[in-house]
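Below, each chain spelled out in residue letters.
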2 protein chains.
Amino acid sequence: MFTPMQESITFPQGFTAAGVKAGVKKSGKEDVAVIYSTVQAQTAAVFTTNLMAAAPVKVSQNVLASGTAQAIVVNSGCANACTGEQGIKDAKQMADVAASLLHISAEDVFVASTGVIGVVMPMEKITQGIGEAVKNLAVSGGELAVKAIMTTDTFTKSLAYEFPLGGKTVRIAGIAKGAGMIQPNLATMLSFITTDAAVAAPVLQQALTAAVKTSFNMVTVDGDTSTNDMVAVLANGLAGNSLIDSTTHADFAIFQEALTSLCTYLAKQVARDGEGATKFLELMVQHAPSFAAGKQVAMAIAKSPLVKTAFFGQDPNWGRILCAVGYAGIPLDPAKISLKIGEVKIVEKGLGTHYDEAKLHQIMAETDIQVVVDLAAGSETVTVWSCDFSYEYVKINGEYHT
Amino acid sequence: MFTPMQESITFPQGFTAAGVKAGVKKSGKEDVAVIYSTVQAQTAAVFTTNLMAAAPVKVSQNVLASGTAQAIVVNSGCANACTGEQGIKDAKQMADVAASLLHISAEDVFVASTGVIGVVMPMEKITQGIGEAVKNLAVSGGELAVKAIMTTDTFTKSLAYEFPLGGKTVRIAGIAKGAGMIQPNLATMLSFITTDAAVAAPVLQQALTAAVKTSFNMVTVDGDTSTNDMVAVLANGLAGNSLIDSTTHADFAIFQEALTSLCTYLAKQVARDGEGATKFLELMVQHAPSFAAGKQVAMAIAKSPLVKTAFFGQDPNWGRILCAVGYAGIPLDPAKISLKIGEVKIVEKGLGTHYDEAKLHQIMAETDIQVVVDLAAGSETVTVWSCDFSYEYVKINGEYHT
């Protein structure tokens, strides 16, 4: 119901952005971005659950506590993770520098980083970069901003919607990076979302948490949860719609749907751009006893190196899929489980069928492949997105030297 | 304290074995083995926890229930998993055929299979193979038996000890296969152990469970738990030692130590022969709050594709190791964690050190590498064995077509 628009993060009213080359990335490409709202925005964010959470994550968690934000400062090339007290100091300085130049409070500035773990931030380059980015802030700056958050991503990930809400026209836009690394030290997923909708922070947080649950949290490339993962949304209210101040507000459902749809699109793009990926895999588990159980089964399949290499080899190796279902840790009756790849039913109630081999090999040769596992154990349907495991994955992560 | 001997599974008194070419494997190599004790033996076994447990696993679980066994029938080339009622019938027939030829009870015959999932057993070939194997049973048959259980293993895994026990000389021998697949449908680990020690079945089971906990259960190649895993031990008592009928028996501790030592050797051999492996990794977690917590942390590191590809690339990428520690799911203080690769301390209390780079690169170039993570959170030390992730792994599991 939402029409995807090829507009940037600055599409919603009142947002500008910039991306500059600060010399942090060895490649010399854009590596510092600033996203700015001309008015203070309500905000929501979710962060990595990794205990080794990077310094910028910790600083941004404090920003979230206030419920408002007005800018996001991001760098690629250095993760500022495992950097101790110095790292916290550097992340705070990034917020301070941006806040001072933008004449806003440092408590309204999110900080995010992605890159090598364990390396202290090159703060001279970073602060110069922030200065230049603030100078360059413009509605046209969205394209460079999304480039500046990329690492080994092979394409930019960006989407926008425009839709009526409470009699007004509302815009929402998001960018993401992920499944690549400027240096192969972590799998980092970052996403930033802007909207001119008026949504109160606590409601925005509920909506974001719900959206992330079925989008970004359903993606796996290699099973490695990064130290720097972060999704943040800024809602500046400039669309003038009636403030959505509770989940029972008449306009909440439509806003939630837009946000979830946007996050789902970006999450799928992250899986599609998985390091070395040649296949985009959608793993749907039907009739699961619960969302959590279905996700556990889907993730076991999605993360299995044996399944991932089979898809790379275009081999419909259903034994590996059932094997992963069997060790997922959910009590199930093997004799009830069915399996489809694309439209071809391969397993019916635990036993292999006499399927159309030519048809199945044709499906396995495609880039986008859907796997449907029916557990016949409940009523929940759960979808996870992933990719295959290729020589290129080993190359990207094995040949690169720190 | 136990001196490894290059003797086969028939080294303990009263055991014979055979391995024959029955035509199940496409390669035409040995694929049916029989291991036989001239007298009924006390037995213990552990099986896969995969819900999709193969038919031979289910049949062997019934054998274990009686506490005695006298023979083991194994085939490679077909896993007899996800084969429904027909599979159970076929596995039972394997036991029946062997029992009838050996003039023993079918309830004393373990059955094990490894190979492709979802394919019905070629029973004509199998029964002919069992017939031939029984005819060939000999003390000299151990070498062919271990070959007949191999799939993509690149070397045979076998070990024996001889040691004094209660005034007698006792022998114990074991073979294992694993980390390879005749067809890339499952990661199957099988191990069979013979001993002429006199040990009562319940005590033997306790000893085996304890031995497996710190040996086979501490190995991961790709994190995929097979449908056919099985470790079985036959103790025929022909050494004439005083029957070990309780864990408080004076000779129990030494028998346990021999069994654990044997299992640990075989388990490490399985990791060393991991598909496509170029490195053997020993991951030691020190000062863990508990065995389970330490294992969870060690397994998170051992299973991380990012860590495994880094070792393949000989890159001391410590950020990836700490990242895996951080998402292992154990509450820990990142600021207390230290890390060594070989003798080089790389992380001290959460922060990177200025280590000797030349020395570390030399360690990373070796085949056997030890990683030591100190959690400073308790008193448990836990060791897991694994291998790296190479192009060859993707080739073995991606290029082979079912």
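What comes next is a walk through the structure.

Rules behind the numbers
Residues numbered from 1 in each chain as written. Chains lettered and ligands numbered in written order. Predicted model: local features only at pLDDT ≥ 70, side-chain atom pairs only at ≥ 80, totals over all residues. Heavy atoms only, no water. Helix = DSSP H or I, 4+ residues; strand = E, 2+ residues; numbered from the N terminus. Buried < 20%, exposed > 50% of the residue type's maximum accessible area, 1.4 Å probe, protein only. Areas by Shrake-Rupley, 256 points an atom, 1.4 Å probe, with all protein chains shown as cover. Axes fitted to C-alpha atoms, helices over the stretch in contact; angles between N-to-C directions. Parallel < 35°, antiparallel > 145°, perpendicular 65-115°, else oblique. Left-handed = near helix turned anticlockwise from the far one by under 90°. Contact = heavy atoms within 4.5 Å. Nonpolar A, V, L, I, M, F, W, Y, C, P; charged D, E, K, R; others polar. Pairing = 2+ DSSP bridges. Core = buried A, V, L, I, M, F, W, Y, C linked by side-chain atoms within 4.5 Å. Salt bridge = Lys/Arg side-chain N within 4 Å of Asp/Glu carboxyl O.

A short note on the overall build of chain A
Here's step 1: For chain A, the helix and strand inventory stands at 11 helices and 14 strands.
Here's step 2: Principal-axis analysis of the C-alpha atoms gives chain A an extent of 70 × 55 × 35 Å.
Here's step 3: The burial tally for chain A puts 64% of its 402 residues in the buried class.
Here's step 4: Counting only carbon and sulfur atoms, one obtains 51% of the accessible surface of chain A, whose full area is about 13800 Å².

With respect to the packing of helix α5 (residues 201-213) of chain B against helix α6 (residues 252-272) of chain B
In a pair of packed helices, the angle between the axes and the distance between the axes together describe the arrangement.
All names here are of chain B.
Here's step 1: It is at 9 Å that the axes of α5 and α6 come closest, and there the two elements cross at 45°. The orientation of α5 with respect to α6, classified from their angle, is oblique. Note on packing geometry: the crossing formed by α5 with α6 is right-handed. Contact with α5, carried on its side by Val203, Leu204, Gln206, Ala207, Leu208, Ala210 and Ala211, involves Phe252, Phe255, Gln256, Leu259, Thr260 and Cys263 of α6 and no other residues of that element.
Here's step 2: Here the contact of α5 with α6 is composed, by residue class, of 10 nonpolar, three polar and no charged.

Considering the pairing of strand β7 (residues 190-195) of chain B
Here's step 1: Of all six residues making up β7(B), six are buried, and the element is well covered by its neighbours.
Here's step 2: Side chains B:Leu190, B:Phe192 and B:Thr194 project from β7(B) onto one buried face, and the interleaved B:Ser191, B:Ile193 and B:Thr195 project onto a second face that is buried too.

Some remarks on the environment of B:Ala55
Residues and elements named next belong to chain B.
Here's step 1: Structurally, Ala55 can be placed in helix α1 (residues 55-66).
Here's step 2: Note: C-alpha distance between Ala55 and Gly84 (29 residues apart in sequence) is 7.7 Å.
Here's step 3: Among all residues touching Ala55, those that are not within four sequence positions of it are Asn80, Thr83, Gly87, Ile88 and Ala91.

Considering the sheet that holds strand β11 (residues 344-348) of chain B
Residue and element names in this part refer to chain B.
Here's step 1: Ordered in space as β12-β11-β10-β13-β9-β14, the six strands form an open sheet in which the pairing is mixed. Here the strands that pair on one side only, and so sit at the sheet edges, are β12 (351-352) and β14 (380-387).
Here's step 2: Helix α10 (residues 357-364) rests against β10 (338-341), β11 and β13 (368-374) of the sheet, and its axis sits at about 110° to β11.

A few points about unusual backbone geometry
Residue and element names in this part refer to chain B.
Here's step 1: One non-glycine residue, His103, adopts positive backbone phi at about 55°.
Here's step 2: For His103, the position within the fold is in the loop between α2 (84-102) and β4 (109-116).
Here's step 3: Residue classification places His103 among the exposed residues on the basis of a relative accessible area of 73%.
Here's step 4: A positive phi is found at Lys349, a non-glycine position, where the angle reads about 50°.
Here's step 5: The topology assignment puts Lys349 in the loop between β11 and β12.

So, the nonpolar core
Here's step 1: Core analysis: the biggest nonpolar cluster contains 86 residues, and A:Ile341 and A:Val373 have the highest contact counts within it.
Here's step 2: Not counting residues up to four positions away in its chain, the partners in contact with A:Val373 are A:Met284, A:Val285, A:Gln286, A:Ile301, A:Ile321, A:Val325, A:Ile337, A:Ser338 and A:Leu339.
Here's step 3: One finds B:Met189, B:Ala288, B:Ile337 and B:Leu360 within the second-largest nonpolar core, a separate group that totals 85 residues.

Observations concerning the pattern of salt bridges
Residue and element names in this part refer to chain A.
Here's step 1: Scanning the model with the defined rule gives eight salt bridges over all chains in all.
Here's step 2: Among the ionic pairs, Asp368 bridges to Arg272, the shortest N-O distance being 2.9 Å. With Asp368 in strand β13 (residues 368-374) and Arg272 in helix α6 (residues 252-272), this pair connects stretches of sequence that are 96 residues apart.
Here's step 3: Owing to a relative accessible area of 31%, Arg272 belongs among the partly exposed residues under this scheme.

Some remarks on the environment of B:His361
Here's step 1: Among the structural elements, B:His361 can be located in helix α10.
Here's step 2: Sequence-wise, B:His361 and B:Gly342 are 19 residues apart; in three dimensions their C-alpha atoms are separated by 11 Å.

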